[in-house]
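# Structural features, examined
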Amino acid sequence: MVSLLTLAWIYFRIGLIFVGGGYVLIPLLNHIMVEQYRWLTLRQFLDGLALSQLTPGPLAMLATFTGFRSGGFLGGLVATVFIFMPCVVLMLIIGRNYTRLKNIDMIRNTLDGLLPAVVGLVAAAACNLGASSLAGVRDYIILAAGFAMFKWTRVSPMLVILGAGLAGLLLD
Amino acid sequence: MESQPQAIISPLPIRWQRCYNCSMPNREKKVTLAEIFQTFAKIGLTGFGGGMAIVALIERVCVQEKQWLGGEEFLHGLAFGQILGPFSLNTCTFIGHHLRGIRGGIIAAVGFILPSFLLVSLLSWLYFTYHKLPQLQAALKGTNPVVIGLIVVVAIDMGRKQIKDVSSGLIALAAFAATVFFKLNAAWVLLAAAAWSLGMNIYRRRCC
């Protein structure tokens with residue numbers, strides 16, 4: 001078990017660089033939780049990703065899962081509160097100064113310039129996670145099937161993941 | 001509404017001007033904090049699919065059904081919401097703040113996150129207690145490749161939207177190479193990209 005203060009500090013820092021939508025958390029959390037602190041194995045990290053797709057709410061709930069692993073229920077709570085603290089505070093500040101901020105495009109342009117890097121990071125995460133967790137032809141076939149479902153059909157991700165779990169159970 | 005300090009700041013926020021020339025039935029009565037909590041908790045509980053799917057649900061409930069704010073204001077909130085963190089949560093915070101100031105914003109954010117937090121906590125507990133079960137192991141073995149497939153799809157879709165020219169392509173490639181080949185921390189890559197982007201913006205503004 002890690003001290004809650006350490007957890008709070010780690011997740012607060014992640015919250016500060018949480019840009020470009022929930023998927024950037026995949027490379028960030030993978031690096032910190034799996035590679036740096038080794039609180040989760042890669043398998044557990046991927047399972048957590050599947051779980052956070054099964055539940056409602058943003059993908060960022062992955063923070064709750066990883067926090068739970070490192071500090072139980074309280075760890076999950078601390079992780080959730082602190083990862084979301086920066087963006088909630090920012091939105092409150094923006095809400096207060098809404099009319100004055102509306103014409104400032106500096107932030108927006110900077111953000112636009114940053115998003116290609118997020119694309120690179122997400123692609124890198126797919127590469128890294130795939131290279132170290134895929135084994136055998138069967139996994140690649142499931143990956144291709146999942147890819148096709150997500151890319152070309154409108155089936156909800158939750159159903160695809162449940163279906164994949166069922167397939168895994170039956171094929172075993 | 002006198003509890004909201006921005007009422008004395010000029011120019012008047014859009015919503016005050018709006019109140020004079022259009023009659024929004026719900027603006028006459030203060031929305032209670034309990035109603036804010038309840039509304040966003042319900043959205044949080046039913047908002048599957050993440051990101052835009054949830055935002056569409058928020059728009060339907062808050063703009064169309066309850067008429068808590070206008071469509072244009074909603075879009076502004078959504079635009080600001082893309083700066084930091086998940087934009088579904090940010091949109092909730094923005095609307096909550098719009099209705100009842102800071103307390104409203106915090107209550108909306110907590111209400112939205114709470115259902116999924118409780119569900120994920122429960123599932124995490126079940127997972128870490130029972131993940132040695134062979135049946136669960138087998139099922140999760142099936143989901144792992146699919147999750148990676150999802151990340152690939154996200155990378156492709158985001159890439160088609162964000163990579164418009166050579167320079168954005170190069171930034172994406174550099175970020176990819178930095179993490180895959182040089183094993184750099186994703187956080188540092190993000191910070192470097194932010195610094196680069198900000199620098200380019202300032203430079204462009206100065207010279208052109």
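Procedures and definitions
- Residues numbered from 1 in each chain as written.
- Chains lettered and ligands numbered in written order.
- Predicted model: local features only at pLDDT ≥ 70, side-chain atom pairs only at ≥ 80, totals over all residues.
- Heavy atoms only, no water.
- Domains from an automatic or database assignment.
- Contact = heavy atoms within 4.5 Å.
- Buried area = accessible area lost by both parts, 1.4 Å probe.
- 1 Å grid on protein atoms, 1.4 Å probe; cavity = no way out; pocket = protein on both sides within 12 Å on 5 of 7 lines; lining within 4 Å.
- Points joined across faces, edges and corners; volume = space filled by probe spheres on them.
- Nonpolar A, V, L, I, M, F, W, Y, C, P; charged D, E, K, R; others polar.
- Helix = DSSP H or I, 4+ residues; strand = E, 2+ residues; numbered from the N terminus.
- Polar contact = N/O pair within 3.5 Å; in protein donor to acceptor, adjacent residues only side chain to side chain.
- pLDDT = per-residue confidence, 0-100.

### With respect to the domain arrangement of chain A
Residue and element names in this part refer to chain A. What the domain assignment reports for chain A is domain 1 (4-133) and domain 2 (136-172). Averaged C-alpha coordinates put domain 1 and domain 2 at centres separated by 25 Å. If you look at the interface, domain 1 gives four residues, while domain 2 gives five residues. Carbon and sulfur atoms supply 70% of the area buried between domain 1 and domain 2, which totals about 390 Å² over both sides. Area buried by domain 1 at its contact with domain 2 is led by Ala50, Gln53 and Leu54, which between them contribute 85% of it.

### Structural notes on the layout of surface pockets
Of the volumes computed, that of the largest pocket is approximately 1300 Å³. Lining the largest pocket are 39 residues, and of these Tyr23 of chain A together with Gly50, Gly51, Met52 and Val154 of chain B sit closest to its centre. Of the residues that constitute the lining of the largest pocket, the class distribution is 18 nonpolar, 15 polar and six charged.

### Some remarks on the side chain of Thr91 of chain B
Inspection of the secondary structure assignment puts Thr91 of chain B in helix H6 (residues 87-130). Here the side chain of Thr91 of chain B touches Phe87 of chain B through a polar contact of 2.6 Å, landing on its backbone oxygen.

### Quick notes on the confidence of the model for chain B
All names here are of chain B. Of all residues in chain B, 85% have pLDDT values of 70 or greater, and the mean over the chain is 84. By mean pLDDT, the top-scoring element of chain B is H6 (95), and the lowest-scoring one is helix H1 (residues 14-21) (43). Throughout residues 1-26 the model reports pLDDT below 50, and contacts reaching past four residues in sequence, or to other chains, amount to 42 contacts.

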